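The primary structure of each chain is shown beneath.
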Amino acid sequence: MSETPGLLVLMGSGETSPTMVEVHRAAARRLPPGARCVLLDTPYAFQENAADISARARRYFARSVGLDVEVAPDAEARVAGADWVFSGPGSPTYALDRWARSGVAGDLRARVRARTGVTVLASAAACTAGTATVPVYEIYKVGADPHWREGVDLLEPLGLRAVVIPHFDNAEGGTHDTRYCYLGERRLSRMERELPPGTAVLGLDEHTALVVDLRTESVEVAGRGGVTVRLPGSASVLPAGTRTGLAELRRLAEGGAAGAPPPPPPPRAAPVQVTLEETIHAGERAFAEAVAVPDLAAAARAVLELEAEIVSWAADTEEDSGGVEQARELMRLLIARLGEQAATAGVHAVIEPLLALRAELRAQGRYEVADALRRALLQGGVQVEDTPDGARWSIAPPSGR
């Protein structure tokens, strides 16, 4: 490993989503030329789709971050000589058991203690970073009594006695409490009483990162949410944009009252980060507003923007397939509605722009969307035929009528 400035990044979720791209890029800029970058697949190595998750992660880091990442198989993980190490979703306890046997846990601690290398742990892997670990699968999915497992404890070399809980602000439960990595308030409060005195909870909101510069001991909160330092009876929240130091984080973890709020961060040109769910709702609203005018060109652009977002989010190893599939279903519905609107708005006024849009999609290799547009036009009474001289169209009886 080259002499890489030390960096520890803990993410609450979204580690391979568009929301965390800038955090990854900032960390990657610290790496030397030809840096060795390793992805530890251990937390999800037991899953049948482990190879697919690794492939998606490699594509994400190559395309969005510019890193050529090698996957270290579960039984062969070696991180001591790596400049950059990443691990993400899966089961915290599965990772703990194997990292303890293979020596990876010790290697990770040694990196932090030596203040060298970039170490990025997210979601399940981040859960292992404290003095104790939440056995998420066992408690939430299997029904085991709330309990702790010993953690890798990467925070001890930093003078922090804390457990790390990702997905801190999770709201997937709807009618039941899934905050605090699916524990909810009742179970977390019970588990806190079992921690050694003086142990804090470090809560990482979803799509949020805690970035610690191990050399300068500076701390930054990046992303959408915040980082909560929680002790029995009190909690301090460091919102996104906070820049402070490890000394302040230690003070909060030891029960000190929150000091004066940090100065606001300088304005940034980066776009506001949105989740996939927000993207779906925004695309649906934009389409509805365009159709209401009506402006079919704007409606078509809304569909294209939604499709581009689906491509971006498809690389996310933690976004469940249901979320991406929901977005695809909406896109197909909007394309069908676009075809219906074309029929009612007057085919001759809109068909040429729609055919030009389809030609552009085909030129870009986006054949699935182009074919869906063709089927939607057919449903609206327009038959499109591809010829060597280009697409031709004619009025046909609407299909299914």
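Residues numbered from 1 in each chain as written. Predicted model: local features only at pLDDT ≥ 70, side-chain atom pairs only at ≥ 80, totals over all residues. Heavy atoms only, no water.

**Some details on the overall build of the chain**
Point 1. Counting its regular elements, the chain contains 14 helices and 16 strands.
Point 2. Long-range pairs, those at least 24 residues apart, make up 69% of the contacts in the chain with a sequence separation of at least 6.
Point 3. Summing over all exposed atoms, the chain offers an accessible surface of approximately 18100 Å²; the carbon and sulfur share of this is 51%. (Helix = DSSP H or I, 4+ residues; strand = E, 2+ residues; numbered from the N terminus. Contact = heavy atoms within 4.5 Å. Areas by Shrake-Rupley, 256 points an atom, 1.4 Å probe, with all protein chains shown as cover.)

**Focus on the nonpolar core**
Point 1. Formed by 42 residues in total, the largest nonpolar core has its most connected members in Leu8, Trp99, Leu155 and Leu210.
Point 2. Among residues more than four places away in sequence, those in contact with Trp99 are Leu40, Thr42, Pro43, Ser87, Val104, Ala105, Leu108, Ala125, Thr128 and Val152.
Point 3. Core analysis: the next-biggest nonpolar cluster, separate from the first, contains 35 residues, Ala302, Met331, Leu361 and Ala370 among them. (Core = buried A, V, L, I, M, F, W, Y, C linked by side-chain atoms within 4.5 Å. Buried < 20%, exposed > 50% of the residue type's maximum accessible area, 1.4 Å probe, protein only.)

**A look at the sheet that holds strand E8 (residues 162-165)**
Point 1. In space, the four strands of this open sheet follow the order E8-E9-E12-E13, with mixed pairing throughout. Lying at the two open borders of the sheet, with one neighbouring strand each, are E8 and strand E13 (234-239). Across the sheet, the mean angle from the axis of one strand to that of its neighbour is 20°, orientation sign disregarded.
Point 2. In terms of strand pairing, E8 meets strand E9 (residues 200-204) through four bridges, oriented parallel. When the sheet's bridge partners are listed, Val164 is paired in E9 with Leu202.
Point 3. Seen against the sheet, helix H8 (residues 184-192) touches E8, E9 and strand E12 (226-231) and runs at an angle of roughly 50° to E12.
Point 4. Its contacts with the sheet put helix H9 (residues 246-253) on E9, E12 and E13, and the angle it makes with E12 is roughly 40°. (Pairing = 2+ DSSP bridges. Axes fitted to C-alpha atoms, helices over the stretch in contact; angles between N-to-C directions.)

**A closer look at the pattern of salt bridges**
Point 1. A full pass over the atoms with the stated rule returns 18 salt bridges.
Point 2. Close ionic contact of Glu22 with Arg25 constitutes a salt bridge, the shortest N to O distance being 3.0 Å. On the criterion of helical spacing, the pair formed by Glu22 and Arg25 is a turn pair, its members being three residues apart in helix H1 (residues 21-28).
Point 3. On the accessibility criterion, Glu22 (39% relative accessible area) is partly exposed.
Point 4. Note that Asp177 is salt-bridged to Arg179, the shortest N-O span being 2.9 Å.
Point 5. According to the relative accessible area criterion, Asp177 is partly exposed, its value standing at 29%.
Point 6. Residues joined by salt bridges that share partners form a network here, namely Arg358, Arg362, Arg374 and Asp386. (Salt bridge = Lys/Arg side-chain N within 4 Å of Asp/Glu carboxyl O.)

**A word on the packing of aromatic side chains**
Point 1. Summed over all chains, the structure comprises eight aromatic pairs.
Point 2. Where Phe61 meets Phe86, the ring centres are 5.0 Å apart and the plane angle is 65°; that geometry is what we call edge-to-face. Taken together, the positions of Phe61 in helix H2 (residues 50-65) and Phe86 in strand E4 (residues 84-87) put the pair 25 residues apart, joining distant regions of the chain.
Point 3. With relative accessibility at 0%, the residue Phe61 sits in the buried group.
Point 4. Here Phe168 and Tyr180 contribute two aromatic rings whose centre-to-centre distance is 4.6 Å and whose plane-to-plane angle is 50°, an arrangement assigned as tilted. Of this pair, Phe168 sits in the loop between E8 and helix H7 (179-182) while Tyr180 sits in helix H7, and the two are 12 residues apart along the sequence.
Point 5. Each residue in the set Tyr60, Phe61, Trp84 and Phe86 is aromatic and connected to the rest through ring pairs, giving one cluster.
Point 6. In this arrangement the basic side chain of Arg98 is found over the ring face of Tyr94, its NZ or CZ atom lying 3.5 Å from the centre. (Phe/Tyr/Trp six-rings, centres within 6.5 Å; stacked < 30°, edge-to-face > 60°. Lys NZ or Arg CZ within 6 Å of the ring centre and 35° of its normal.)

**Regarding H9**
Point 1. Within the sequence span of H9, burial applies to Leu246, Leu249, Arg250, Leu252 and Ala253. Within H9, the buried residues cover an arc of 165° as seen down the axis, which keeps them to one side.
Point 2. Turning to H9, the residues buried within the fold contact E9, strand E10 (208-213), strand E11 (218-223), E12, E13 and strand E14 (243-245).
Point 3. Note on H9: the residue one or two positions beyond its end, Gly255, has a positive phi of about 100°. (Arc of directions from axis to C-beta.)

**Some details on the sheet that holds strand E3 (residues 69-72)**
Point 1. Spatially, E3-E2-E4-E5-E1-E10-E11-E14 is the arrangement adopted by the eight strands of the open sheet, whose pairing is mixed. Each end of this open sheet is capped by a strand with a single partner; those strands are E3 and E14. Averaged over all pairs of adjacent strands, the angle between their axes in this sheet comes to 20°, without regard to strand direction.

**Quick notes on the packing of helix H10 (residues 276-292) against helix H11 (residues 296-313)**
Point 1. Put simply, H10 and H11 touch, their axes get as near as 8 Å, and they point 170° apart. Looking at the two axes, H10 sits roughly antiparallel to H11. In contact with Leu276, Thr279, Ile280, Gly283, Ala286, Phe287, Ala290 and Val291 of H10, H11 contributes Ala298, Ala299, Ala302, Val303, Leu306, Glu309 and Trp313.
Point 2. Of the residues that constitute the contact of H10 with H11, the class distribution is 12 nonpolar, two polar and one charged. (Parallel < 35°, antiparallel > 145°, perpendicular 65-115°, else oblique. Nonpolar A, V, L, I, M, F, W, Y, C, P; charged D, E, K, R; others polar.)

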